[in-house]
Amino acid sequence: MVKNNYKSGRVATLMEGGFAGNDPQDPTVVGEPYPVFGNERTMNMNELLLNNIRADMYFREELPPIKTWEVFIAKTIKEVKECTPWVTGTHTVTTKKGMCSGTRGVGTQGRPTRMWMHLVKLYTLKPTERQLESLVRLWTLAGVYLLTFLC
């Protein structure tokens, strides 16, 4: 019997259950975080979408260096272009056909959009009430405005 104890890359991140270095802000500097209601582990998100976000290279490499609110807002304004959960054309409800498609890693899960990755980053930053109010004031930027109401 083959023992499967390999932990590397994307699978290791999912098995650890972490957010790949996306840490909260320092509460001694910014204040008390806004209270969160609902499931702390899944953030009231679809499990498949959340796992794809946590496994995405952009989320694991580009977002962890962001530690301050101002940098997060600037990156969100620059990067968020569409508001759907999945990149258009990458998510289907049918399964792939063919010999051993499931074991070869051929899937139809899709790629999450940057907006939803930024939503998870926003959750991990643990913003204060004042910071969330500042997002609402950015009503001219549709992506940021919608991100505020999704959190």
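Everything numeric here is computed off the predicted structure, so don't read it as measured data. (Residues numbered from 1 in each chain as written. Predicted model: local features only at pLDDT ≥ 70, side-chain atom pairs only at ≥ 80, totals over all residues. Heavy atoms only, no water.)

**Q** An account of the packing of aromatic side chains is needed here, citing residue identities and associated values.
**A** Enumeration over the complete set of coordinates arrives at one aromatic pair. Summarising the aromatic geometry, the rings of Trp 69 and Phe 72 are spaced 5.7 Å apart at their centres and angled 40° between planes, so their arrangement reads as tilted. Remark: Phe 72 and Trp 69 occur in helix α5 (residues 69–79); sequence separation between them is three residues, near one turn of the helix. You'll find Trp 69 and Phe 72 in the same group, each marked buried. Taking NZ or CZ as reference, Arg 114 lies 3.8 Å from the ring centre of Tyr 58, over its face. For Lys 126, the ring lying beneath its charged end belongs to Tyr 123, and the centroid distance is 4.9 Å. (Phe/Tyr/Trp six-rings, centres within 6.5 Å; stacked < 30°, edge-to-face > 60°. Helix = DSSP H or I, 4+ residues; strand = E, 2+ residues; numbered from the N terminus. Buried < 20%, exposed > 50% of the residue type's maximum accessible area, 1.4 Å probe, protein only. Lys NZ or Arg CZ within 6 Å of the ring centre and 35° of its normal.)

**Q** Please give an account of the pattern of salt bridges that cites residues and values.
**A** Applying the stated rule across the entire model yields four salt bridges. With its nearest N and O atoms 3.3 Å apart, the salt bridge here joins Arg 41 to Glu 47. By relative accessible area, which is 55% here, Arg 41 ends up exposed. A salt bridge links Glu 79 to Arg 114; its shortest N-O distance comes to 2.5 Å. Taken together, the positions of Glu 79 in helix α5 and Arg 114 in helix α6 (residues 114–125) put the pair 35 residues apart, joining distant regions of the chain. The partly exposed category is assigned to Arg 114, whose relative accessible area is 34%. (Salt bridge = Lys/Arg side-chain N within 4 Å of Asp/Glu carboxyl O.)

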